[in-house]
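Coordinate inspection notes
This is what each chain is made of:
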Amino acid sequence: MFNKEFEAMPEKKIRDLQLERLKWSLKHAYSNNSFYKKTFDRAGFNPDRFKSLSDLKNVPFLTKDDMRDNYPFGLFAVPRSEIVRIHTSSGTTGKPTIVGYTKNDIALFAEANARALASFGAGKNDTIQIAYGYGLFTGGLGIHYGSEKLGAMTIPAGSGNMERQIMMMEDLEVTYIACTPSYALSIAGYLEGKKGSNVKRPGSLKGAILGAEPWTENMRKEIESRLRISAYDIYGLSEVLGPGVACECSEKSGLHLYEDLFYAEIIDPDTLEVLREGEKGEIVFTTLTKEGFPSIRYRSKDITRLYRENCRCGRTMVKMEKVAGRTDNMLIIRGVNVFPSQIESVLLGIDGIDPFYQILVDRKGAMDEVEVQVEVDEKIFTDDSYDLNELSARIAEKLKAALGIVIKISLVEAMTIPRSEGKAARVVDRRKII
Ligand code: DLL
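Residues numbered from 1 in each chain as written. Predicted model: local features only at pLDDT ≥ 70, side-chain atom pairs only at ≥ 80, totals over all residues. Heavy atoms only, no water.

1. As for the overall build of the protein chain
Of the regular secondary structure elements, the protein chain holds 13 helices and 21 strands. Its C-alpha radius of gyration of 22 Å places the protein chain within 12% of the 22 Å reference for a compact globule of 434 residues. Overall size of the protein chain, expressed as C-alpha extent along the three principal axes, is 75 × 55 × 40 Å. Within the protein chain, the fraction of its 434 residues that count as buried is 55%. About 19200 Å² of surface is accessible on the protein chain, with carbon and sulfur atoms providing 50% of the total. The protein chain carries 60 positive and 61 negative side-chain charges, and their two centres are separated by 4 Å. (Helix = DSSP H or I, 4+ residues; strand = E, 2+ residues; numbered from the N terminus. Rg over C-alpha atoms; globule rule 2.2 N^0.38 Å. Buried < 20%, exposed > 50% of the residue type's maximum accessible area, 1.4 Å probe, protein only. Areas by Shrake-Rupley, 256 points an atom, 1.4 Å probe, with all protein chains shown as cover. Lys, Arg positive; Asp, Glu negative; His and termini not counted. Charge placed at Lys NZ, Arg CZ, Asp CG, Glu CD.)

What follows is the structure in structure tokens.
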């Protein structure tokens, strides 16, 4: 463990520490930021009267819209001169959210990511290649600082330029690659396409640290078997920190959430009621030690659940289930709620298809229509004796059984679906465009 004192702290002690830190964080936000002062006052919440963790339900939520309304610096709680780093959230449209870090926040960012990397066994003898984007995105620099703090040899490769990435991995005997799951799959596909050439899978590679987008257990199996590595899930969001909010240990049975740094609640996204431990809903975060950009009850829109179990790794930190999707990428198709990850799970369970797919949603008259384009093995596509119609009917049937809706399947040739270097765009919702 990178920091056993906290990572293996008994639950009662964690709760006491959280209470103490929450009191500080709420007061810090209230006294040093006019947005928080205004919203707390309006809700009749006085941080001086905050006595127990259950009082948190009286604190107003923070949303992405609040961040947008206070662009660019309106949620900072220290003078500008104390801010040493800026990142942005990967917003899809309009202005991004600007997040700022003090020197202490940067140290915290490094600590959380060092813990994350150590949690599945990475250490100072490892060489970690970081193929997340560097720059405004938190992925590259966040994991980079964690890797250095751990003492690992850190390669700031950045995203893109596959051939060079692979050459570096081979020549520098890289043991772990950090990137998005979709990029890991692209590497696997690239290597398979280069069979017979001198580009080959680096023999030293033993693991991958994957996150920044949802990925299913079937996707894990696919990546692990094709790259012959072990793949671990890392989770985070820029509004709260960046990567390193939670990460899997070698047990791969949920992500340990760093509770001494973040207080997490699960709410029902419709009623906004706080749910009990173990129930699934939207995860809401409150930072406990952050100075520059405190987030108080930030509604992440990510759907998951929290649960406690004795983990063989010895960590006591609560576990967060792999994030299945976001409330805002849940598609409602003819009244049925569908997460892209449910479609992915079905697709990856079928032989002969490649794990590259895109979900196109359209509206014909009053009807929602979904088409899933999925890439098929090169061999199958070019084999005249193979019945492609039977394959697409089989996929449609499995999706119908799993989701209860009819989905049109279009089988496409390898390399038809655009490859991403960062987060994959799985859904094209044409209903929003029209
Ligand atoms: O994606 C931070 C990050 C970088 C995490 C590198 C892990 C690795 P944002 O760009 O602000 O920050 O996007 C945050 O991405 O609310 C989730 O919806 C999604 N996300 C991040 N990690 C995971 C994951 C970074 N492991 C948003 N599984 C979050 C599922 C994830 N979704």
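2. A few points about the pattern of salt bridges
Tallying each qualifying case throughout the model produces 35 salt bridges. Across the salt bridge formed by D328 and K301, the nearest N and O atoms sit 3.8 Å from each other. A residue pair is termed long-range when its members are at least 10 positions apart, and D328 in the loop between β15 (325–326) and β16 (331–333) and K301 in strand β12 (residues 298–304) qualify at 27 residues. Using a relative accessible area of 40% as the deciding quantity, one classes D328 as partly exposed. Within the structure, one salt-bridge network assembled from shared partners comprises E11, R15, E259, E277 and R308. (Salt bridge = Lys/Arg side-chain N within 4 Å of Asp/Glu carboxyl O.)

3. Things to note about the nonpolar core
Among the nonpolar cores identified, the biggest contains 72 residues, and Y235, L257, F262, I283, F285 and M320 are the most heavily contacted of them. Once you skip the residues sitting within four places of it in the chain, M320 turns out to touch Y235, A246, G254, L255, L257, I283, T304, R305, L306 and Y307. (Core = buried A, V, L, I, M, F, W, Y, C linked by side-chain atoms within 4.5 Å. Contact = heavy atoms within 4.5 Å.)

4. Considering the packing of helix α7 (residues 162–171) against helix α8 (residues 181–193)
Two elements in contact, α7 and α8, have axes whose closest approach is 11 Å; the angle formed by their N-to-C orientations is 85°. Looking at the two axes, α7 sits roughly perpendicular to α8. When α7 is examined against α8, the residues M162, E163, Q165, I166 and M169 are found in contact with a partner set consisting of Y183, S186, I187, Y190 and L191. Partitioned by chemical class, the residues of the contact of α7 with α8 number seven nonpolar, two polar and one charged. (Axes fitted to C-alpha atoms, helices over the stretch in contact; angles between N-to-C directions. Parallel < 35°, antiparallel > 145°, perpendicular 65-115°, else oblique. Nonpolar A, V, L, I, M, F, W, Y, C, P; charged D, E, K, R; others polar.)

5. Brief notes about the domain arrangement of the protein chain
Assigned domains of the protein chain: these are domain 1 (1–327) and domain 2 (331–432). Taking only C-alpha atoms into account, the centre of domain 1 sits 29 Å from that of domain 2. Together domain 1 and domain 2 conceal approximately 1500 Å² of surface at their shared face, both sides included; 55% is due to carbon and sulfur atoms. Looking at the side of domain 1 facing domain 2, the largest losses of area belong to T216, N218 and M219, adding up to 26% of the total buried there. Here domain 1 and domain 2 share zero salt bridges between them. (Domains from an automatic or database assignment. Buried area = accessible area lost by both parts, 1.4 Å probe.)

6. Concerning the site of the ligand
The local shell around the ligand holds 21 residues, among which S90, D233, I234, S238 and D302 are the closest. E213 places a main-chain nitrogen or oxygen 3.3 Å from a nitrogen atom of the ligand. Within the side chain of K423, a nitrogen or oxygen atom sits 2.8 Å from an oxygen atom of the ligand. For the shell around the ligand, the secondary-structure elements that each account for two or more residues are α6 (138–150) and β7 (230–237). Element by element, the count of residues in the shell around the ligand is highest for β7, at five residues. (Near = heavy atom within 4 Å. Polar contact = N/O pair within 3.5 Å; in protein donor to acceptor, adjacent residues only side chain to side chain.)

7. Points about the environment of R305
Within the fold, R305 resides in the loop between β12 and β13 (306–307). Since its relative accessible area comes to 24%, R305 is described here as partly exposed. Ignoring sequence-local partners within four residues, the contact set of R305 consists of I266, G278, E279, K280, K319, M320 and E321. Here the side chain of R305 touches G278 through a polar contact of 3.3 Å, landing on its backbone oxygen. In this structure the side chain of R305 is engaged in a polar contact, spanning 2.7 Å, whose partner is the side chain of E321.

8. Describing the side chain of R115
Relative to the helices and strands, R115 is located in helix α5 (residues 103–118). At a separation of 2.8 Å, a polar atom in the side chain of R115 contacts the side chain of D260. Once residues within four sequence positions are removed from consideration, R115 is found in contact with F2, N3, F6, E7, Y258, D260 and L261.

9. Remarks on a nonpolar patch on the surface
On the surface, F73, I86 and L136 cluster together to form a nonpolar patch covering roughly 240 Å² of accessible area. Its location among the elements puts L136 in the loop between β3 (127–130) and α6. (Patch = residues over 30% accessible without salt bridge, like charges linked within 9 Å, V, L, I, M, F, W, Y side chains within 5 Å.)

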